[in-house]
Amino acid sequence: MKKRVWTLKIFCSLLLLLLPLAAGAQGAYSLTVHFRSGQRAVTGMELRLYRAGSLDSQGRFIPAGEFGTLRGALPEDWDTLADSLAELGKDLTPLETQKTCQQGSVTFSGLEEGLYLVVAEDEYTNYEIQSFLAALPGRDPVTGDTLEAVEVYPKLRERKPP
């Protein structure tokens, strides 16, 4: 009887040690987007997140899923690429949709390695944001270390009245 209890304790201990490793393999990365205009947080901005693809060892874009229809037709310029993908994404279901909180931020967590498209859509604020791409994991520009949590501060453009 004591042997069974001891074996069960060892098994449970090993399971608890390995559980974080298994969880990390499925979605260890996060992307936080901050919207600020000067000192003011931009709240209520709706963001749609898509997993657009991945990067090969030379840093070239490899489309994934329904974005694969753009294979071979993608421009080299990242801004133009993001705009092209955002246009295609209008008819696709996003991976996740969130609105910015009171601090003007949104965090998408539990993400896998890949290249993500962020599309901001909001007609109630005074700002426009160009769609952009973010690679996960990120790289620290100084040390080159891998970043599991990437933070982005996109540029805001004030809407011009018609």
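Here the structure is a predicted model, which is why all the values come from computation and not from measurement. What you see as residue numbers is a count from 1 along each chain, following the sequence as written. Where local features are concerned, this predicted model is filtered to residues with pLDDT of at least 70; where side-chain atom pairs are given and counted, the filter is 80 or more; whole-chain, interface and lining totals use all residues. Hydrogens and water molecules were not included; the side-chain quantities draw on all heavy atoms of the structure.

Student: Tell me what's going on with the overall build of the protein chain, and back it up with residues and numbers.
Tutor: Think of it this way: any DSSP run of H or I at least four residues long counts as a helix, any run of E at least two long counts as a strand, and we number them from the N terminus. For the protein chain, the helix and strand inventory stands at two helices and 14 strands. Between buried and exposed lies partly exposed: a residue is buried under 20% and exposed over 50% of the maximum accessible area for its type, with that area taken using a 1.4 Å probe on protein chains only. A burial count over the protein chain gives 34% of its 162 residues as buried. Restricting to contacts in the protein chain with at least 6 residues of sequence separation, those with at least 24 account for 68%. Summing over all exposed atoms, the protein chain offers an accessible surface of approximately 10900 Å²; the carbon and sulfur share of this is 54%. In what follows, a contact means two residues having at least one pair of non-hydrogen atoms within 4.5 Å. Note on areas: Shrake-Rupley with a 1.4 Å probe; residue coverage comes only from the protein chains shown.

Student: So, the packing of aromatic side chains: which residues are in play, and what are the values?
Tutor: Only centres within 6.5 Å qualify two rings of Phe, Tyr or Trp (six-membered ring in Trp) as a pair; their planes then separate them into stacked at under 30 degrees, edge-to-face at over 60, and tilted for everything else. One pass over the full model with this rule turns up one aromatic pair. Consider the rings of Tyr50 and Phe67, whose centres lie 6.0 Å apart with planes at 85 degrees: the pair is edge-to-face. Placement of Tyr50 in strand E4 (residues 46–55) and of Phe67 in the loop between strand E5 (61–63) and helix H2 (78–89) is noted, with a sequence separation of 17 residues between them. For Tyr50, a relative accessible area of 3% puts it in the buried group. For Phe67, a relative accessible area of 3% puts it in the buried group.

Student: How would you summarise the sheet that holds strand E7 (residues 105–111) if you had to cite specific residues and measurements?
Tutor: At least two DSSP bridges between two strands are needed for those strands to be called paired. Read across the open sheet, the three strands follow the order E7-E1-E13; overall the sheet is mixed. Both outer strands of the open sheet, E7 and strand E13 (149–152), are each paired with one neighbouring strand and no more. In this sheet, adjacent strand axes meet at a mean angle of 15 degrees when their direction is disregarded. With five bridges joining them, strand E1 (residues 29–34) and E7 adopt antiparallel strand pairing. Across the sheet, the residue bridging to His34 is Ser105, located in E7. For every element, the axis is a line fit to its C-alpha atoms; helices are fit only across the contacting stretch, and the angle between N-to-C directions ranges from 0 to 180 degrees.

Student: Account for the pattern of salt bridges, with residues named and values stated.
Tutor: The rule for a salt bridge is simple: a side-chain nitrogen of Lys or Arg has to be within 4 Å of a carboxyl oxygen of Asp or Glu. Considering all chains together, one arrives at one salt bridge under this definition. Taking the shortest distance from any N to any O, the salt bridge between Glu87 and Lys90 comes out at 3.3 Å. You can call Lys90 exposed: its relative accessible area is 54%.

Student: Now, about unusual backbone geometry: what can you tell me, with residues and values included?
Tutor: Put simply, Leu136 and Pro137 share a cis peptide bond, and its omega is 0 degrees. Here Pro137 shows up in the loop between strand E10 (132–136) and strand E11 (138–139).

Student: A description of H2 should follow, citing residues and the corresponding values.
Tutor: Across its twelve residues, H2 extends 16 Å between first and last C-alpha, which sits within 8% of the 16 Å expected from 1.5 Å per residue. Taken together, the buried positions of H2 are occupied by Leu81, Ala82, Leu85, Ala86 and Gly89. For H2, the angular spread of buried residues about the axis comes to 135 degrees, placing them on one side. Lining the buried residues of H2 we find E4, E5, strand E8 (114–121) and E10. Expected helix span is given by 1.5 Å per residue-to-residue step, counting one fewer step than there are residues. Picture the helix axis, draw a direction to every C-beta atom, and the arc is the one those directions span.

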